[in-house]
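The chain contents come next:
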Amino acid sequence: MPDMRSLLVITLCLPATGFGAEISFRRQLAPILAQRCLGCHDNRKTEGRYALHTFELFLKAGESGEIPIVAGNPNDSYLFEKLTDPDDDLRMPQKDDALQTEEIELFKQWIEQGATFDGPNKSDRIVTLLPPREHPPPPEVYRVPIPVFAIKFSLDGKSLFTGGWHELLVWDVESGKLKQRITGLPQRIQCIEYTPDGRTLAIGGGAPGEYGEIRLVDVDNLAATEQPASNHEVLAVWEDLVLDLAFTGDARSLIASGADNSVRAYDMTNRQESWRTTQHVNWVTAVDVTDYRFAEQRVSNASAHALFTLNEYESKSGSHIQQHWDFADSSFIVREANWELETVAVTKGVPPIAESLTKITITGIGKTYKVERETFSGDSLRSHAEIIEYLTNLHETWPMELSGSEFVVSSSMDRTVKVFARLDGQLFTTYKGHRREFGPLAGLHRLFGVQSEPNSRRIWSGGEGQHFHGWNPVTVRDEDGTAADMEARFAKEYSVDLIRHDFPGPVFSIHRSGDHLLAASASGQVKQFSIAGPNAVFDVDKVSAQRTYDGHHDHLFAIDASNSRPLVAASGFKGEVVIWNQETTEVLNRFIAAPTIEIE
Amino acid sequence: MNGAMDRRPKVRSMAKPLANALLFLGLMATTSSADDERFERIEVTPTQMTLAGQRATAQLLVTGVASNGHVVDLTREATFSESDVVSIDEGYARSKQNGQDSIDVRVGELQARIKITVSQVAEPQPVSFRWETLAILTKQGCNSGSCHGKPNGRGALELSLNAFDSKLDERSLVRGSFVRFTEPLVPEQSLLLKKPTLRIPHGGGKRLRTDDEPYSILRQWIYEGCKIDPPDFPVCVKVDLEPRRRVIRLADGSGQQQMRVVAYFSDGSTRDVTRIATFTLSNDAIASVDPAGLVTGHGRGQTAVVVRYLDDIASAYFTFVQDVAGFEWKDAPEHNYVDRLVNQKLRQLQYQPSGSCDDATFLRRLSLDVRGLLPTPNEVTEFLADDACDKREKLIERFLDSPEYARFWGLKMADLLRINQTVLSPEQATAYSRWVFESIETNEPYDQFVTKLLTAAGDTSEVQPANFFRVTSDTKMVTESVAQVFMGSRIMCAQCHNHPYESWTQDNYYQIASAFHEIERTLGGEKKKLPAPGSDVTIGLMPGRAMSNPRTGIEQPPWPTNVHRSPEEDNRVAFVRWLTSPDNAYFARVAVNRIWSHLMGRGLVEPVDDFRSSNPPVNVELLDALAQDFAKSGFDRKEITRTILNSQTYQRSSDAIKFNETDDELFSHARVRLLSAEQLQDAITRFCDGDDRFQQLEQELADAKIELARDDLDAATREEAVKGHDAARQQLSSYYMTQQPYPHLTTFLRAFGQPERVTACVCERRSEASLDQTLQLMNSELVRKLVKRAQVRLAPLLDEELAEQVYLSALGRPSREQERTEIRKHLEAADNRGEAIEDLVWALVNTNEFMFQH
């Protein structure tokens, strides 16, 4: 029990922490370790064989064999010894300024107090223990324009949200005037997404190289007050920028991707992280989710209907596949062995009707592997009534527990697009068509955009290079053969639809709007391409832009189209926003998206 | 080895409080070498200057001149009078406000005065992207080859190596990776500033402090909006260093010298770039340099101070001398200027040279170095018996006149010209080698030899030097070979980017290449890249063809680019004229350095084909003197060889003495060297076979020559005579490996480092010891075979005579009493005399005295 005198001493020795205050490892020490020590002592760089990126490892001796923390006894704790070493060359942090006296004092007291851990889990990375940052207010006016990485039209198309410095700016589309400033957000805003119900905006961003964040901004709340609250709900904290966000159609999951090479899924019902994957080896620049769920199963050949013709693989293996695509509008595609039925939804409440039936003939193996498709539609469907009935029945009796999952598709600077199961983050396949040694598509292209197409199995991806690629994840998976026959397979055009865009620089942003893809590039060009309907041209050699929107001249990072009015907007390096009439390509408005810039 | 912030913080932080203390007390620093000097005056450079702009700075140098001529840097000891227009700290002046002033500089009682004009302080001075920002990133080591300057960079930031490609740097820094590195709105939040100051973890460590000048310049560049220099912005045309050469005495502690670096721009302006240039040392064992350009010596020796300012590299040469306890110079014999210059350096650095070697050692050494062969027993006894005072001189002359010299040194040249059997047939290789041999035998001036070689054209079976372009089968290989062999430059690094250690730019590489790119290699009228050995290749020209820099796509004019060539003129001609000109900086120096290296065991520049300002010669004066002599003599190779051989330096004993045992590069004593592969095999051969077989072959060749010279032969007999002569010559010349036209790649020779002649690099001939070598000497087929032959030759001799013979032929010296006794005992005790002789021979072959030159 401390007596009066030592109580006094303790009081004098405790500066800001207050009398007898317990030092919180999580709140007070973790930030110091993260900022001053992690650079040399984490899983990537482990100087002296000592790592402290988790609490567990923080306690373990390194190469020296000395115990870093001896509870209750700072003088025996090697960590404390290193922090206070009089020799500049041996003192930690090495080759840097020493910790401040107050900071060292915190460590000392914490050790004296028993060196307890107040985080949820000792094997958590300590950066995850750090609280979300409190963001500073932005300057009243911007001295210079800043690049705008994210823009979003409001649901009614009358406002445009743009990313600012620690804030979201709301602009009036008609007048180009600033309407609102939503502060309390990260330094850079990289993506803005509405929840499907339009009531919340998910903001992804952070500070390059050090911090990432997803915040949820209440849209209703915005409208209510002039000065919206700035304590927006934090969904997640990352160690580097969050680059893109995508909601599933049912609003239950939010997928995020970022500059730490990860893709993560969040359960929006309880705000917990569902899964995380680091299959990519470079930044994941964009994500999207399909509007269909895919499932497949293998069944024994014994149960094959006489209508099916099994190929060599299937005969030899004794089993064949059944595959099922379940779309949001309740239409479906179902396949067994060599027959595939595609249906289309007509009226709500009425079962979808058969649209086409495809006979798939697979012959050969390795270099002689060949897939031929013969499609029947319209009247010719009648002669295949039996198989259509069979397949429809298969869809209806498809087991619930195998109802499959949407695909999450992610484009990356590692030159691939990966396809994950939304349910558990398992890697389904990798699309490597943007990396080719030979042929008209030769090149190793970093990717910046990916968009799923509604009511279609097709995914569109692009970035560097001259083409957008449209491909089916299941076909890609099936064709992902050996290296020897890869080129031969990808030379077949049936598996990839190509739109030649011929932008002179990389495309940094792709946005699907209806039956079109809008793309903005490093050269300042904005173009619209048809991906469905009569104007869709898939030709590896022929450029096929439908419309061109002029007005920008420098790197463009963001593009958006309104869902309620024919508007397109784009922004980029120069910080300027240009808004066009989507149909006529006329420039409707342009302004620097920054609170009145002081001209210096 | 960069001037990054974290290298020597101690020195920097020591100098400041020290200087402050001096200002306060007005005393000279106790750690400076100023203590013992009585200075006559101080000199300040520059004496007058103009600082234009708010960021203009200038490093002043204050030099104390002593009555005995010594100069000492007193920059850090000097005090400067207060001024309104400029602030001066540690001799570093920064502009304060517009105006003019004269500044009093004082050190103790001595003073000097300088004039300073400051202007344009109030005008905006945007930070230059290239000349400031990129210079700083180079200085901090950000764009070095191990960090962001490597292909694909690090951590999303890719910069060009040493900022040689500003366009790439612009793309990366201003817009790269989604504008990752800069935040013009709040510059302190830029990754470019947060990482190097370690406010965020940084793999490259702490490179900047927030109170550093480079930090504030980078910050300003970002604040100003990350602007790029306009296209007409002045470019740096030259960089000047001061001092360029200095001798610094280390007296009770370290001697220091402040550097000053000035850049000259195309608009006539100058800028002091001392604090943003990069400093490195060629010898950082004896000195260190801090980011402010202060060089501190730690031990005696020599170093180049290499200064890089973007694409310009310049070097200063410092010699640090320190008194060695008990050292007192004793005059050593000087036979010629070589000795004078060698001894001058030795005396300066306080090494006492060893005395001369004895006659037997001299003979063996000379014979191996000049002819590649051991002396014969007769040669040994004759030389030792000769008492003429100029016998060494005469011996040198005799050996230089021998065909063995021409063949052995022809072999050295053939190494560089890559005459081998993979590209050429044995006959072709022999013919090509013969051309080289004849050039040396007739002592053809070296410039003529090189001219013939490099401008050769025609049928390779008729024009032997044209084989050079056949063997080096494409332009890039020719470029690199020519640069390495004749310019001593390893220019291959400049193929992809500006040379990291020298001023060669990537454009220069392709300019030299353009000089050789007209060459067309044809076989039977068709272009042929890799013709089969034995085939008849023709070297022709495609006039006007030049090479482009692949990175920029711009075609490069042939080197030298400032010479006008007419369109039909062979581009090589002007190149060779430039190369062989007497004042060419490379040609003579590289040639004499190679000769020196062959004779002395180490070049004045080492490696001999790696001349660069950051790899200075160990004795600049000597190299220059030899080069000048060489050029003046009309590039007479024999003359230079003769001069070196006649020097006392060459003839020194290899025994080190107390005051030179730590010297490894200044030639205070001879170097102990392992015999080269060919020398070793020939030594064993000559020892074991004696000279008889060789003499026999020589006789056969002489006879064949006589036969051929007869003019009364008919066609058939003449043809026979020619065949006989060629065969005899072939036999003779293939007996000794040191006399071969092309290498015989046996395991024995390979183990001892024989080059395959795949490249022109001197490094192909390896000299490191290996286990293989020991095993070869102990038990190879070659050794066993020769030992048996030796036994046959020696068996008839009586024990005493045998003992004397083996020592004379193996070690080039008479045997000692004790050695003869041992041998006699060994032979008498043997059951099988033959085997005992073999054992004796084998034992001698495996001694150090046999294997090494000493």
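Residues numbered from 1 in each chain as written. Chains lettered and ligands numbered in written order. Predicted model: local features only at pLDDT ≥ 70, side-chain atom pairs only at ≥ 80, totals over all residues. Heavy atoms only, no water.

**Considerations on the overall build of chain A**
Here is step 1 of the chain: Looking only at helices and strands, one finds 10 helices and 36 strands in chain A.
Here is step 2 of the chain: By principal-axis analysis of the C-alpha atoms, chain A measures approximately 100 × 65 × 50 Å.
Here is step 3 of the chain: Relative to all contacts within chain A whose residues are 6 or more apart in sequence, the contacts with residues 24 or more apart total 53%.
Here is step 4 of the chain: As presented, chain A carries roughly 27200 Å² of accessible surface, and 50% of it is formed by carbon and sulfur atoms.
Here is step 5 of the chain: Measuring between centres, the 58 positive side-chain charges of chain A sit 3 Å from its 85 negative side-chain charges. (Helix = DSSP H or I, 4+ residues; strand = E, 2+ residues; numbered from the N terminus. Contact = heavy atoms within 4.5 Å. Areas by Shrake-Rupley, 256 points an atom, 1.4 Å probe, with all protein chains shown as cover. Lys, Arg positive; Asp, Glu negative; His and termini not counted. Charge placed at Lys NZ, Arg CZ, Asp CG, Glu CD.)

**Quick look at the nonpolar core**
Nonpolar side chains in soluble globular proteins tend to end up buried together.
Here is step 1 of the chain: Core analysis: the largest hydrophobic core is formed by 100 residues, its most contacted members being B:Tyr446, B:Phe486, B:Phe575, B:Trp596 and B:Leu626.
Here is step 2 of the chain: The element best represented in this core is helix α17 (residues 587-600) of chain B, accounting for 9 residues.
Here is step 3 of the chain: For B:Trp596, the residues in contact, after removing those within four places along its chain, are B:Val338, B:Val342, B:Gly601, B:Arg602, B:Gly603, B:Leu604, B:Leu622, B:Leu626, B:Ile644, B:Thr649 and B:Phe667.
Here is step 4 of the chain: Grouped together as the second largest cluster of nonpolar side chains are 64 residues, A:Phe508, B:Ile136, B:Phe178 and B:Leu192 included. (Core = buried A, V, L, I, M, F, W, Y, C linked by side-chain atoms within 4.5 Å. Buried < 20%, exposed > 50% of the residue type's maximum accessible area, 1.4 Å probe, protein only.)

**A look at the domain arrangement of chain A**
Here is step 1 of the chain: The domain architecture assigned to chain A consists of domain 1 (4-129) and domain 2 (292-402).
Here is step 2 of the chain: Just the C-alpha atoms count here: the centres of domain 1 of chain A and domain 2 of chain A sit 62 Å apart. (Domains from an automatic or database assignment.)

**Brief notes about the state of the cysteines**
Here is step 1 of the chain: The tally for this structure, following the rule as stated, stands at 1 disulfide over all chains.
Here is step 2 of the chain: The disulfide that involves B:Cys761 links it to B:Cys763, with 2.2 Å between the sulfurs. Disulfide B:Cys761-B:Cys763: the torsion about the S-S bond is 125°, which places it as right-handed.
Here is step 3 of the chain: The class for B:Cys761 is buried, based on a relative accessible area of 12%.
Here is step 4 of the chain: Of all cysteine sulfurs in the structure, the one in A:Cys40 sits closest to A:Cys37, which takes part in no disulfide; the separation is 9.1 Å.
Here is step 5 of the chain: According to the relative accessible area criterion, A:Cys37 is buried, its value standing at 14%.
Here is step 6 of the chain: Left without a disulfide partner, B:Cys147 is nearest to the cysteine sulfur of B:Cys142, which lies 8.2 Å away. (Disulfide = S-S within 2.5 Å.)

**Quick notes on the pairing of strand β18 (residues 294-297) of chain B**
Here is the key point about a regular strand: its side chains alternate between the two faces of the sheet.
Residue and element names in this part refer to chain B.
Here is step 1 of the chain: Going residue by residue along β18, you find Leu 294 and Thr 296 tucked away on one face and Val 295 and Gly 297 tucked away on the opposite face as well.
Here is step 2 of the chain: One ladder, built from 3 bridges, connects strand β13 (residues 256-258) with β18; its direction is antiparallel. For Gln 258, the partnering residue across the bridge sits in β18 and is Leu 294.
Here is step 3 of the chain: As judged from the 3 bridges shared by strand β17 (residues 287-289) and β18, these two strands associate in the antiparallel manner. Bridged to Val 289 within β18 is Val 295. (Pairing = 2+ DSSP bridges.)

**Points about the side chain of B:Thr197**
Residue and element names in this part refer to chain B.
Here is step 1 of the chain: Along the polypeptide, Thr 197 turns up in the loop between α4 (191-194) and α5 (213-223).
Here is step 2 of the chain: Reaching out from Thr 197, the side chain makes a polar contact with the backbone oxygen of Lys 194 at a distance of 3.3 Å.
Here is step 3 of the chain: In this structure, Thr 197 is in contact with Lys 206, Leu 208, Arg 209, Thr 210 and Tyr 215, ignoring residues within four places of it in sequence. (Polar contact = N/O pair within 3.5 Å; in protein donor to acceptor, adjacent residues only side chain to side chain.)

**Remarks on the pattern of salt bridges**
Here is step 1 of the chain: Under the definition given, this model contains 83 salt bridges over all chains.
Here is step 2 of the chain: The partner of A:Asp554 in a salt bridge is B:Arg175, and the shortest N-O contact between them spans 2.6 Å. Of this pair, A:Asp554 sits in the loop between β32 (547-549) and β33 (556-561) while B:Arg175 sits in helix α3 (residues 166-179), on two different chains.
Here is step 3 of the chain: Judged by its relative accessible area of 11%, A:Asp554 falls in the buried class.
Here is step 4 of the chain: Look at the salt bridges and you will find they share partners, linking B:Glu800, B:Glu804, B:Glu817, B:Arg820 and B:Arg824 into a network. (Salt bridge = Lys/Arg side-chain N within 4 Å of Asp/Glu carboxyl O.)

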